[in-house]
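Spelled out from the first residue to the last, the chains are:
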Amino acid sequence: MLLQKLHIAYTEFTDFCEGKPVDWTLAYDEIVYRLNKFNEINKELIEAENNFTFANQEQEIEYYKIEKPEFQKFGIFYQMIYDIELKKRPLAIRYYKRQIKKIDKEFTVIEPYVIYYRSKSSEMDSEYFHKTSKENHIFALIKANEMLVEYLAYKSGGKTADEIIASTPKVKFALKQNEIMEMAKGLKGIGVVDGSLKDIAEYLGRCFGVDMKNVYNKSNVISNRLNPARFLERMVTFLKKAIK
C-alpha cells in the first residue's frame, strides 16, 4: 500500500536524522548527507507512486494534499539550505539576512498557494493534488519555506523556538510520548488547534522536552487501546476531586 510506503519512508528518514529531521545547527557536510539520504529514499517512493493506482479521486487528493507534504517538505527544505550554504559568503550574517529579503521579494510567486493553504480551501483540489499535476508539491513547498525562514532567522542572529523554550524558567515535566500523543489527538479532535496531527504532537513534544518519534505508530496505539483517554482521564479525576 502506498500510504504505508510513505510512512516507512518518513520513519526511515527521521531515524537517519536521529529523531530530529530539522536542525538549524548542522554543518555543511551533514546537510549534504541528509539531502542525499532523502533523495535515495524518495526515489523508491516515487517508483511506488508511479506503479500505484488510487482507488478514487478522494484518496489521491488526501495523499498529495495531506500525507505526502509531511515527508516531502524535508527534501525541499534540505535542497534549499544546500543551495544557500553552497554559495555562503564570508560575511555570513549579512548573507543570511539577504536571503530572507530574497524570500520576501519572491513571495508573490507562491502567494496564491499560501492563501489557498492558509484558508483551508478545497475548490482546486482536483486540479492541484493528483499524480501528474505540477502543483501537487505546493503544500510541501509552503511548509519548507516556513522552515527555511526559521533557519535563516537563526543563522542571522535570531533564536529558534527550541531556544526560546529553553530560555524560560526551568520546569521539569515527566510526560511520556504516548501521553503527549493523547493530548495532541484530543486537541485536534475538538478543533482548538490547526495543523496536522504530526505537527501538533511534535510541537507539544518540544514544549514538554520530549522527542516525539514514530508519531503515526503512536497515534494508532492510542486509537486502538482499551482506554484512548487514559492520561486525560487521570487529570479529569483529579480536577473533580479538587473542587469538592
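The structure this text deals with has already been given above.
Residues numbered from 1 in each chain as written. Predicted model: local features only at pLDDT ≥ 70, side-chain atom pairs only at ≥ 80, totals over all residues. Heavy atoms only, no water.

Enquirer: Please provide a residue-by-residue account of the environment of Lys 240, values included.
Expert: In this fold, Lys 240 is placed in helix α13 (residues 230–242). The spacing of Lys 240 and Ile 180 is 60 residues in sequence and 22 Å in space, taken between C-alpha atoms. (Helix = DSSP H or I, 4+ residues; strand = E, 2+ residues; numbered from the N terminus.)

Enquirer: Before we move on, can you summarise the pattern of salt bridges with the specific residues and values?
Expert: Counting across every chain of the model gives 14 salt bridges. Between Glu 12 and Lys 37 there is a salt bridge; the shortest N-O distance is 3.5 Å. One end of the pair, Glu 12, is in helix α1 (residues 2–16); the other, Lys 37, is in helix α2 (residues 28–50), with 25 residues separating them in the sequence. Between Glu 85 and Lys 88 there is a salt bridge; the shortest N-O distance is 3.9 Å. A cluster of three or more residues bridged by salt bridges with shared partners is formed by Glu 70, Lys 73, Lys 143 and Asp 199. (Salt bridge = Lys/Arg side-chain N within 4 Å of Asp/Glu carboxyl O.)

Enquirer: Break down the layout of surface pockets for me, citing the residues and quoting the values.
Expert: Its boundaries defined by the atoms lining it, the second largest pocket holds a volume of some 370 Å³. In terms of lining residues, the second largest pocket is bounded by 15 residues, among which Met 80, Lys 102, Ile 103, Glu 106 and Leu 148 are the most central. Grouping the constituent residues of the lining of the second largest pocket by class yields nine nonpolar, two polar and four charged. (1 Å grid on protein atoms, 1.4 Å probe; cavity = no way out; pocket = protein on both sides within 12 Å on 5 of 7 lines; lining within 4 Å. Points joined across faces, edges and corners; volume = space filled by probe spheres on them. Nonpolar A, V, L, I, M, F, W, Y, C, P; charged D, E, K, R; others polar.)

Enquirer: Account for a positive patch on the surface, with residues named and values stated.
Expert: Side chains of Arg 89, Arg 94, Lys 97, Arg 98, Lys 101 and Lys 105 sit close together on the surface and give a patch of like positive charge. Note on placement: Lys 105 falls in helix α5 (residues 92–105). In this structure Lys 105 comes out as exposed when scored by relative accessible area, which is 68%. (Patch = residues over 30% accessible without salt bridge, like charges linked within 9 Å, V, L, I, M, F, W, Y side chains within 5 Å. Areas by Shrake-Rupley, 256 points an atom, 1.4 Å probe, with all protein chains shown as cover. Lys, Arg positive; Asp, Glu negative; His and termini not counted. Charge placed at Lys NZ, Arg CZ, Asp CG, Glu CD. Buried < 20%, exposed > 50% of the residue type's maximum accessible area, 1.4 Å probe, protein only.)

Enquirer: Would you mind going over the packing of α2 against helix α4 (residues 69–86) in detail, with residue names and values included?
Expert: Between α2 and α4, whose axes approach to 9 Å, the crossing angle comes to 145°. Note that α2 runs across α4; the crossing there is left-handed. Counted together, Tyr 28, Ile 31, Val 32, Arg 34, Leu 35, Phe 38, Ile 41, Asn 42 and Leu 45 of α2 and Phe 71, Gln 72, Phe 74, Gly 75, Tyr 78, Gln 79, Ile 81, Tyr 82, Glu 85 and Leu 86 of α4 form the full contact between these two elements. Of the residues contributing to the contact of α2 with α4, the split by class is 13 nonpolar, four polar and two charged. (Axes fitted to C-alpha atoms, helices over the stretch in contact; angles between N-to-C directions. Left-handed = near helix turned anticlockwise from the far one by under 90°. Contact = heavy atoms within 4.5 Å.)

Enquirer: Residue-level account of α1, with values.
Expert: Since one α-helical turn is 3.6 residues long, residues separated by three or four positions face the same way. For α1, built from 15 residues, the straight-helix expectation of 21 Å at 1.5 Å per residue is met to within 8% by its first-to-last C-alpha distance of 21 Å. At its buried positions, α1 is contacted by α2, α3 (57–67), α4, α11 (197–208) and α12 (215–224). One or two positions beyond α1, positive phi appears at Glu 18, with a value near 55°. (Expected span 1.5 Å × (residues − 1).)

Enquirer: Go over empty space enclosed by the protein with me, naming the residues and quoting the values.
Expert: Under the definition given, this model contains one cavity of 30 Å³ or more. Approximately 80 Å³ is the volume found for the largest cavity. Around the largest cavity, the lining residues are Tyr 10, Thr 14, Asp 15, Gly 19, Pro 21, Glu 202, Met 212, Lys 213, Asn 214 and Val 215. Here the lining of the largest cavity gets three residues from one element, more than from any other, and that element is α1. Along the lines of polarity and charge, the residues of the lining of the largest cavity split into four nonpolar, three polar and three charged.

Enquirer: I'd like a description of the environment of Leu 45, backed by residues and values.
Expert: Inspection of the secondary structure assignment puts Leu 45 in helix α2. A C-alpha to C-alpha distance of 37 Å links Leu 45 and Ile 93, two positions 48 residues apart in sequence. Among residues more than four places away in sequence, those in contact with Leu 45 are Leu 2, Lys 5, Leu 6, Tyr 63, Lys 68 and Phe 71.

Enquirer: Give a description of the side chain of Asn 145 that names residues and reports values.
Expert: Relative to the assigned elements, Asn 145 resides in helix α8 (residues 138–155). If sequence neighbours within four positions are ignored, Asn 145 has contacts with Met 80, Ile 103 and Ile 110.

Enquirer: Run through α2, naming residues and quoting values.
Expert: Between its first and last C-alpha atoms α2 spans 33 Å; for 23 residues at 1.5 Å apiece the expected length is 33 Å, and the two agree. Listing the buried residues of α2 in full gives Ile 31, Arg 34, Leu 35, Lys 37, Phe 38, Ile 41, Asn 42, Leu 45 and Glu 49. Buried positions along α2 lie against α1, α3, α4 and α8.

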